[in-house]
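Structural characterization, general
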Amino acid sequence: MTIKKRPAGPALISLSNVQKHYGDYHALRGITLEIGQGEFFSLLGPSGCGKTTLLRTIAGFEDYDSGTVMISERDMRGVPANKRPTNMVFQSYAIFPHLTVLENVAFGLRKSPMSKAEKRAAAEAALEMVGLKGYGHRAAHALSGGQRQRVALARALVLKPKVLLLDEPLSALDRKMREQMQVELIKLQREVGITFILVTHDQEEALVMSDRIAVMFEGEIAQCDDPEVLYRRPKSKRVADFIGVMNFLPATCREEGGKRLVSVAGLGEAEVAADQSPEGFPQGAGSVGFRPETLTLLYEGQVASHREAPAVIEEVVYYGDMTYYDVRFEGVDKTVRISMRNIFGRDVLDVGATVRVSWSPGALVVFKEGS
Amino acid sequence: MRIGERLHQFFRSEKGVGLLLVSPTALYALLLLAVPLIAIFAISFLTQTGVRDFEPGLSLVNYREALTDPLYRQLMLRSLMVSGLVTLITVLLAFPIAYFVSFGVKPEHKSLWIFLITIPFWTSYLIRVFLWKVILGYNGVLNSGLQAVGLIDEPLTFILYNVNAVVITLAHAYAPFAILPIFVALEKIDRSLLEASRDLGESRTMTFLRVTLPLAAPGVVAAVLIVFIPTIGDYVTPRLVGGPGGLMIANMIQTQFLRLNNAPLGATLAVLAMLIVAVISILFLILGHRAAGGGKANGGRK
Amino acid sequence: MKSLKAYAILYLVFLYAPIFLLPLFAFNSSTIIAFPLENFTTEWFTQLLTLTEMHGALLNSLKIAVTSAVLATVLGVFAAMAATRYSFPGQKGIMGFIMLPLVLPEIIVAVSLLIVILRMGFDTGAWSVIAGHTLICTPFAIAILQSAFASLDPSLEEAAYDLGETPASAFRLVTLPLVMPGIISALLISFTISMDEFIIAFFLTGSDPTLPVYLFSMLRFPKLLPAVMALGTILVVLSVLLITIAEFFRRRGAKRAGLKDTGGFL
């Protein structure tokens, strides 16, 4: 499932220079961010990067030292969690074990002016929406992981929040269930049209589900872009490394007559476009990165679509649908990973074979930092 | 920042809320435990002159008396010996039970066993001690039973109104205290550690000695302390089944306070008993820590 | 394991032997507490009805036990919440000190409280026994409540805030119902401890004895011993009943919180 970036609506949430310390620990280092109406937004990063803290700051569970958090153009400083137009799906789901499924879903409606029957109808509608029609009278502690998650979703959505916050909601599920829920969550989000903010450490999950992703390291946003840009044009080697696999080779960079030229070890010289160096074009030593699928091993008789370079296969890893080859280009002391789809009738090559590798200058990303 | 504002912020922080919440209980313990303990320590340096009067000035007279008078020395030594013996017996008898419940009982039956073991603890201590008197007495259950069976002709006399009776009765009373901490420690042992040991070539016995026992050590240490410390101050058991030769330090403390109206000497005996217990416990903790391999053996799950 | 099981059963017999003897003698017509048993009688139970002093002691004990149980449980809730939900400076020391009465010989607690009370010019009485019993029951209440609070997912309360409740209403709607079994269990255990406690009551009770203090004085009169057996039987049955109810609530609490039962109070 691919998702095209949708035009972001007017900013619903805007954070500016949000700072947060836990004692000496600097948890959030000046977060500035705008999230649009109806957007599916992900906060992605390794554990301890501050993504959950940021989510909890938006929810109102964490104080921040300075900066502003605005939701619907209203400053949220001092507004407690129970007064914010946000609702949360907790990592543990936090289903109240002493209540039934229906009582859980209707929990937040206690103070609403609706009549008892209306509340019940609203809760049942929410249950139906998440595919749990008829589960209302079950005891909450008897539910499976996937069902608990659906209850948590229904419980939050029944209040029609402006923003739904999801804290690693899929991490407790097994792989199959997780993939199914990813699709369901996307559909649900389109259906209700509410802004979703998802915290995850799983880059694949973020790529699949989000309109935009903010990658966070050490309390800072390293890059905030839509999934395709993030994958194809990562702004730093760290982002590139965190999202998928990227090969790096040392390169020498120079500008000549308005042309940006890189001379890559083992590959030769190529011209790159302006958007291929998102952190700025370096002068002199730098490095280039390229994804494994942008390289192709050429079989007998095949012609390179762009450029080609000779290499020796050092390692072959067979994955069923894919084969990964670690190859070494001439004159380079490190290997480069190439991923090839296994097509019927095409043999898997052996270690030690000398091959021609096709590469395209347009797939390169130039980094300032050496490799 | 103003002090008021700072205080306000502190009491909204996690630390502040925690302190605020614990303060009623902590204050209660401070007033009704810390203050009295300090008071008893202070009074041990005074000397009684009248019914409620003390001689002005501090002195070590009571300590000299408590440490030199053979009567007090004997009571103190006997109390130590009795608690030491009770601790040894209770823990030795308790370990197999704890081991059995942890390793030999189906998980769904464990809580039933623990429940059964703890129930007697919740029944009247006084009655239980008195029943031992009934069991161990000259015409008691044990003697009349043994005589009826024909195992003995004359009633046994060495089992009541002496130290033996005190030890038996206390060992019975403190049994659950010893079982529970050992059981908890055994329960925490990751079962795959035992499998790993077998897999690495150790026999069942050696696995027990090299893996189970060291990992259960914290539980054994806790059991020892939880039995040893309170038993030394036991009053009821020596009073009811100990006879004159089985009395312990707590009986003397009571006598000093309520009969002889010599609170300072009673306080001195109490302070000394606590000090001795504390020193022995700390020594034991250090030894136990070393025996468990010092800091490196942080075995088991937390 | 088989020989261990046999040993475990023998051990249980040893643990229960004294308690099983109680009813035998309570219903035995002989005035001497020894074998062989004579005839069945309920005389000793009816004799209890005539011991008016004992009735006063019972009432006094009930009053003390109820008050101590409530106080200890309230103090226990505060401390257990603080210890499981928050980390605060000096936590280990403060909690360790609060739990100290668990191992401290009761006679130490008794004499030190007695000294302070007399020095301050107060008279001992039911109130001082309550003060002492609250002190020794609180650690037990904390031990029970701590596991009740610890088994509570902290995000449950957050979820309640998030769904619009205030901290107070979240506590009432979510936390309280979930720890209620723990609270009941703590109340019952504290009540049982206070009802049975002798030493502190012996030192601090003043002129109105508690039931155990009265019982202790009964032990000096051989002709009252069969009645002691009868009273003991009733007390043991009641204790076992209360503890069983407490255990029931503790387990229900664990089940509600969706935990597997690991057994045991402490």
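On a predicted model such as this, the values are computed, not experimentally measured, just so you know. (Residues numbered from 1 in each chain as written. Chains lettered and ligands numbered in written order. Predicted model: local features only at pLDDT ≥ 70, side-chain atom pairs only at ≥ 80, totals over all residues.)

Considering the overall build of chain B
When you go through chain B residue by residue, the secondary structure sums to 14 helices and two strands. Counting only C-alpha atoms and orienting by the principal axes, one finds that chain B spans roughly 85 × 75 × 35 Å. Each of the 302 residues in chain B was classed as buried or not, and the buried ones make up 47%. Contacts in chain B between residues far apart in sequence, at least 24 positions, make up 73% of those at least 6 positions apart. (Helix = DSSP H or I, 4+ residues; strand = E, 2+ residues; numbered from the N terminus. Buried ≥ 20, exposed ≤ 12 C-beta atoms within 10 Å, placed from the backbone. Contact = placed C-beta atoms within 7 Å.)

With respect to the interface of chain B and chain C
Taken together, the contact between chain B and chain C spans 72 residues of the former and 68 residues of the latter. When residues in the side of chain B that touches chain C are grouped by element, the largest group, 20 residues, is from helix 2 (residues 14-43) of chain B. Looking at the side of chain B that touches chain C residue by residue, the class counts come to 52 nonpolar, 15 polar and five charged. (Nonpolar A, V, L, I, M, F, W, Y, C, P; charged D, E, K, R; others polar.)

A closer look at the UniProt feature "domain: ABC transmembrane type-1" (unreviewed entry) in chain B
Within this numbering scheme, the UniProt entry marks residues 76-284 of chain B as carrying the feature "domain: ABC transmembrane type-1" (unreviewed entry). With 78% helix and 0% strand, residues 76-284 of chain B has its two end C-alpha atoms placed 19 Å apart. (UniProt positions renumbered as here; feature names shortened; annotations may be inferred.)

A few points about the sheet that holds strand 10 (residues 220-225) of chain A
Residue and element names in this part refer to chain A. Read from one edge to the other, the open sheet built from six strands follows the order 6-7-8-3-9-10, with strand pairing classed as mixed. The sheet is open, and its two edges are formed by strand 6 (86-89) and strand 10, each paired on a single side. On average, each strand axis in the sheet is tilted by 20° relative to the strand beside it, whichever way the strands run. The pairing of strand 9 (residues 212-217) with strand 10 spans five bridges and is antiparallel. Residue pairing for strand 10: Phe217 is matched across the bridge by Glu220. Sitting on the sheet, helix 4 (residues 145-157) is in contact with strand 6 and strand 7 (163-167), with an inclination near 175° to strand 6. (Pairing = 2+ DSSP bridges. Axes fitted to C-alpha atoms, helices over the stretch in contact; angles between N-to-C directions.)

So, the interface of chain A and chain C
Each partner contributes to the interface: chain A provides 19 residues, whereas chain C provides 17 residues. Taken together, the residues of the side of chain A that touches chain C sort by class into eleven nonpolar, six polar and two charged.

Looking at helix 1 (residues 2-26) of chain C
All names here are of chain C. Its 25 residues give helix 1 an end-to-end C-alpha distance of 36 Å, which sits within 8% of 36 Å, the value for a rise of 1.5 Å per residue. The largest bend along helix 1 reaches roughly 50° and is located at Tyr16, with the proline Pro18 sitting one to four residues downstream. Burial in helix 1 covers these residues: Ala8, Leu15, Pro18, Ile19, Leu22, Phe25 and Ala26. (Expected span 1.5 Å × (residues − 1). Bend = angle between axes of the 7 residues up to and from the residue.)

A look at the sheet that holds strand 18 (residues 336-341) of chain A
All names here are of chain A. Taken in spatial order, the five strands of this open sheet run 15-19-16-17-18, and their pairing is antiparallel. Looking at which strands have only one partner, the edges of the open sheet turn out to be strand 15 (296-298) and strand 18. Looking at each pair of strands side by side, their axes are set apart by 50° on average, direction ignored. Sheet topology note: the strand 17 (residues 322-329)/strand 18 ladder contains six bridges and is antiparallel. Within strand 18, the position partnered with Met322 by the bridge is Arg341.

A word on helix 13 (residues 249-259) of chain B
Residues and elements named next belong to chain B. Helix 13 sits mainly inside the fold: eight of its eleven residues count as buried. Listed in full, the buried residues belonging to helix 13 are Ile249, Ala250, Asn251, Met252, Ile253, Gln254, Gln256 and Phe257. Immediately beyond the C-terminal end of helix 13, within one or two residues, lies Asn261, with a positive phi of roughly 50°.

Notes on the arrangement of the chains
Here the protein chains form two pairs of chains in contact, of which the pair with the most contacts is chains B and C. There is no contact between chain A and chain B; across them, the least C-alpha separation is 10 Å.

Regarding the domain arrangement of chain A
In many analyses, interface size is given as the accessible surface area lost on bringing the parts together. Residues and elements named next belong to chain A. In terms of domains, chain A is made up of domain 1 (11-240) and domain 2 (245-367). One C-alpha centre belongs to domain 1, the other to domain 2; they are set 39 Å apart. Listed per partner, the contact involves six residues of domain 1 and eight residues of domain 2. Considered class by class, the residues forming the side of domain 1 that touches domain 2 number two nonpolar, one polar and three charged. (Domains from an automatic or database assignment.)

A short note on the confidence of the model for chain A
Residue and element names in this part refer to chain A. Mean pLDDT for chain A: 90, with 97% of residues reaching 70 or above. Within chain A, strand 13 (residues 268-272) has the poorest average pLDDT of any element, 90, and strand 3 (residues 40-44) the best, 96. This model gives residues 1-5 a pLDDT under 50, and the stretch forms five contacts once residues within four places in sequence are excluded. (pLDDT = per-residue confidence, 0-100.)

Comments concerning the pairing of strand 16 (residues 307-318) of chain A
Residues and elements named next belong to chain A. Note that strand 16 and strand 19 (residues 354-359) share six bridges and pair antiparallel. Within strand 19, the residue paired with Ala309 across the bridge is Val357. Sheet topology note: the strand 16/strand 17 ladder contains seven bridges and is antiparallel. Within the sheet, the bridge partner assigned to Ile313 lies in strand 17 and is Val327. Linking strand 16 to strand 17, which pair antiparallel, is a turn of three residues; within it Gly320 sits at a positive phi near 90°.

Overview of the UniProt feature "transmembrane region" (unreviewed entry) in chain B
Residues and elements named next belong to chain B. UniProt records the feature "transmembrane region" (unreviewed entry) for residues 21-46, 80-101, 113-138, 158-186, 207-229 and 265-287 in the present numbering. Taken end to end, residues 113-138 has its terminal C-alpha atoms 34 Å apart, with 69% of it in helix and 0% in strand. Strand forms 0% of residues 207-229 and helix 100%; the C-alpha atoms that close the span are 32 Å apart.

With respect to the packing of helix 4 (residues 70-104) of chain B against helix 1 of chain C
Contact geometry of helix 4 of chain B with helix 1 of chain C gives a least axis separation of 9 Å together with a crossing angle of 120°. The angle between the axes of helix 4 of chain B and helix 1 of chain C places the two elements in the oblique class. The handedness of the crossing between helix 4 of chain B and helix 1 of chain C comes out as left-handed. Where helix 4 of chain B approaches helix 1 of chain C, its residues B:Leu93, B:Pro96, B:Ile97, B:Phe100 and B:Gly104 are matched on the opposing element by C:Leu4, C:Lys5, C:Tyr7, C:Ala8 and C:Tyr11. Of the residues contributing to the contact of helix 4 of chain B with helix 1 of chain C, the split by class is eight nonpolar, one polar and one charged. (Parallel < 35°, antiparallel > 145°, perpendicular 65-115°, else oblique. Left-handed = near helix turned anticlockwise from the far one by under 90°.)

Concerning the pairing of strand 14 (residues 284-290) of chain A
Residues and elements named next belong to chain A. Of all seven residues in strand 14, five are buried; the element is thus mostly enclosed. The pairing of strand 11 (residues 247-256) with strand 14 spans seven bridges and is classified as antiparallel. Paired with Cys253 across the strands is Gly284, a residue of strand 14. Across three bridges, strand 14 lies against strand 20 (residues 365-367) in antiparallel orientation. The residue of strand 20 that forms the bridge with Ser287 is Phe367.

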